[in-house]
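Reading the structure
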Number of protein chains: 2
Amino acid sequence: MSLTPPVVLDAAITLLDEVGLDGFSTRKLATRLGVRVGALYWHYPSKQALLDAVADHIVGEANAAAVPDDAWPEQAASMIHALRGAMLAHADGARLVATSHTPGPSSRAWIDRLRGLLAEAGMDGFTAENAADVLTCYLNGYAVEEQAHTTHARAETDRRFGFGLDVVLAGLRSLPATSGGAR
Amino acid sequence: MSLTPPVVLDAAITLLDEVGLDGFSTRKLATRLGVRVGALYWHYPSKQALLDAVADHIVGEANAAAVPDDAWPEQAASMIHALRGAMLAHADGARLVATSHTPGPSSRAWIDRLRGLLAEAGMDGFTAENAADVLTCYLNGYAVEEQAHTTHARAETDRRFGFGLDVVLAGLRSLPATSGGAR
DNA sequence: ACCTGAACACCGTTCAAGT
DNA sequence: ACCTGAACACCGTTCAAGT
């Protein structure tokens with residue numbers, strides 16, 4: 001049973017969920033895989049590259065969710081909620097995704113999809129890019145703090161997140177290009 | 001010349017700015033202070049506590065800026081810009097502040113001031129708290145990513161940040177309690 | 001009270017050598 | 001091609017003992 005990048009990635013996700021980002025080490029991962037530390041470096045060039053792959057996998061889980069056939073604010077909200085859900089489903093997932101060094105294919109696909117949806121709504125390329133940026137920055141900022149201090153109950157943080165998302169969406173709706181509310 | 005918490009904190013800030021958060025270690029800090037590693041633990045209980053103190057100091061720099069006597073969106077914008085400036089003025093300042101474990105006195109003062117300003121504008125306590133949350137989450141999300149991938153020029157990221165901040169403020173302005181535009 | 005000396009239990013990464 | 005063995009250069013934290 002040979003080691004492959006997907007096998008290493010899978011074990012990395014499991015380890016992350018068990019010990020968190022601060023407890024995650026290549027040596028623990030090697031032990032889990034029944035292999036010496038150095039072996040990992042044949043499949044991934046560095047710990048950071050491996051963590052980037054984990055981050056991209058998490059975003060990939062969000063990509064699996066379908067976007068409803070609805071108006072653009074609802075579509076955008078569903079994409080944002082899907083990514084938040086995927087991040088919260090893994091220990092320190094938000095911090096991992098938000099501080100990922102180089103975006104992988106799933107991350108690019110997710111952001112392209114969000115931008116595309118906003119462009120469909122009538123925003124020009126520049127505006128769509130900036131609007132997608134505002135949404136993801138709010139999401140990242142919120143989720144990182146939410147996951148760092150798990151002081152409130154999930155239902156409570158969900159409501160607060162929804163409030164903020166509605167605020168951002170209201171702001172986007174007020175932009176000249178989308179005030180018509182096309183599609 | 002004895003070691004005191006402020007002296008340690010000062011050296012920590014200097015070290016952080018020189019080597020960044022990933023390069024920051026208690027051992028390097030001890031060397032700079034001409035002391036053995038263990039000595040630091042007399043003044044700070046852990047590396048994290050020290051980093052939290054650094055984070056709080058950065059927020060303190062933002063608190064030094066005066067808030068203009070203007071309408072609330074301008075006041076909020078000035079506070080947000082001040083904190084972003086303070087974070088960007090230090091290596092990995094955004095990540096450090098956003099992932100700080102326990103908020104210090106300056107952090108509490110900053111958020112209280114922002115909430116107060118929004119309450120003055122006519123928001124009830126709950127709304128003001130949530131509104132301050134949206135603003136800081138957007139700020140943290142944006143600044144963390146901005147500082148992680150310094151791909152664009154500062155003038156460009158400033159403009160993009162301003163765009164997003166205007167969107168959030170527009171969303172907040174559209175809330176029932178503030179649509180009158182009091183103060 | 002404050003610091004040293006020295007240890008403990010770890011890290012990420014590299015690379016010759018094996019198979 | 002893929003992994004071992006073993007090293008290199010580090011970590012954060014603790015704590016008896018010194019002053």
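A quick note: this is a predicted structure, and the numbers were derived from the prediction, not measured.

To continue, consider the interface of chain A and chain B. How big an interface is tends to be reported as the loss of accessible area on association of its parts. On the side of chain B, 28 residues touch chain A, which itself brings 28 residues to the contact. Of the roughly 2500 Å² buried between chain A and chain B on both sides combined, carbon and sulfur atoms contribute 66%. The tally of links from chain A across to chain B stands at four salt bridges. One salt bridge in this structure joins Arg-160 of chain B and Asp-133 of chain A, with 4.0 Å as the shortest N-O distance. Taken together, the links from chain A to chain B amount to two residue pairs in polar contact (both at pLDDT 80 or more).

The geometry of an aromatic ring pair comes down to the distance between the two centres and the angle between the two planes. All names here are of chain A. Taken as a whole, this structure holds six aromatic pairs over all chains when the rule is applied. Residues Tyr-138 and Tyr-142 carry aromatic rings whose centres are separated by 5.9 Å and whose planes lie at 50° to one another, so their mutual orientation is tilted. Placement of the pair is Tyr-138 and Tyr-142 together in helix H8 (residues 125–148), with a separation of four residues, close to one helical turn. Given the relative accessible area of 5%, Tyr-142 is considered buried. Here a set of aromatic residues connected by ring pairs shows up, and it is made of Tyr-138, Tyr-142 and Phe-161.

Once that is clear, we can look at the protein's contact with DNA strand D. Near DNA strand D there are 18 residues, and of these His-43 of chain A together with Thr-26, Arg-27, Tyr-41 and Lys-47 of chain B occur at the shortest range. Take Arg-27 of chain B: an N or O atom from its side chain is 2.5 Å from a base nitrogen of DNA strand D. Looking at which element gives the most residues to the surface near DNA strand D, the answer is helix H3 (residues 37–43) of chain A, with four residues. Of the residues belonging to the surface near DNA strand D, the class tally is seven nonpolar, six polar and five charged.

Turning to the packing of H8 of chain A against helix H9 (residues 154–173) of chain B, a few remarks are in order. Between H8 of chain A and H9 of chain B, the least distance of the axes is 9 Å, while the angle of their chain directions is 70°. Judged by the angle between their axes, H8 of chain A and H9 of chain B are roughly perpendicular. Note on packing geometry: the crossing formed by H8 of chain A with H9 of chain B is right-handed. Side by side, H8 of chain A and H9 of chain B meet where Thr-127, Glu-129, Asn-130, Ala-131, Asp-133 and Val-134 of chain A of the first sit next to Arg-160, Phe-163, Gly-164, Val-167 and Val-168 of chain B of the second. The residue makeup of the contact of H8 of chain A with H9 of chain B, split by class, is five nonpolar, three polar and three charged.

With that out of the way, let us pick up the nonpolar core. Counting residues in hydrophobic clusters, the biggest one holds 121 residues, and the most contacted among them are Leu-29, Leu-118 and Leu-135 of chain A together with Leu-29, Leu-118 and Leu-135 of chain B. With residues near it in sequence (within four places) discarded, Leu-135 of chain B still touches Ala-76, Ile-80, Leu-114, Leu-118, Leu-165, Val-168, Leu-169 and Leu-172 of chain B.

Rules used in this analysis
Residues numbered from 1 in each chain as written. Chains lettered and ligands numbered in written order. Predicted model: local features only at pLDDT ≥ 70, side-chain atom pairs only at ≥ 80, totals over all residues. Heavy atoms only, no water. Contact = heavy atoms within 4.5 Å. Buried area = accessible area lost by both parts, 1.4 Å probe. Salt bridge = Lys/Arg side-chain N within 4 Å of Asp/Glu carboxyl O. Polar contact = N/O pair within 3.5 Å; in protein donor to acceptor, adjacent residues only side chain to side chain. Phe/Tyr/Trp six-rings, centres within 6.5 Å; stacked < 30°, edge-to-face > 60°. Helix = DSSP H or I, 4+ residues; strand = E, 2+ residues; numbered from the N terminus. Buried < 20%, exposed > 50% of the residue type's maximum accessible area, 1.4 Å probe, protein only. Near = heavy atom within 4 Å. Nonpolar A, V, L, I, M, F, W, Y, C, P; charged D, E, K, R; others polar. Axes fitted to C-alpha atoms, helices over the stretch in contact; angles between N-to-C directions. Parallel < 35°, antiparallel > 145°, perpendicular 65-115°, else oblique. Left-handed = near helix turned anticlockwise from the far one by under 90°. Core = buried A, V, L, I, M, F, W, Y, C linked by side-chain atoms within 4.5 Å.

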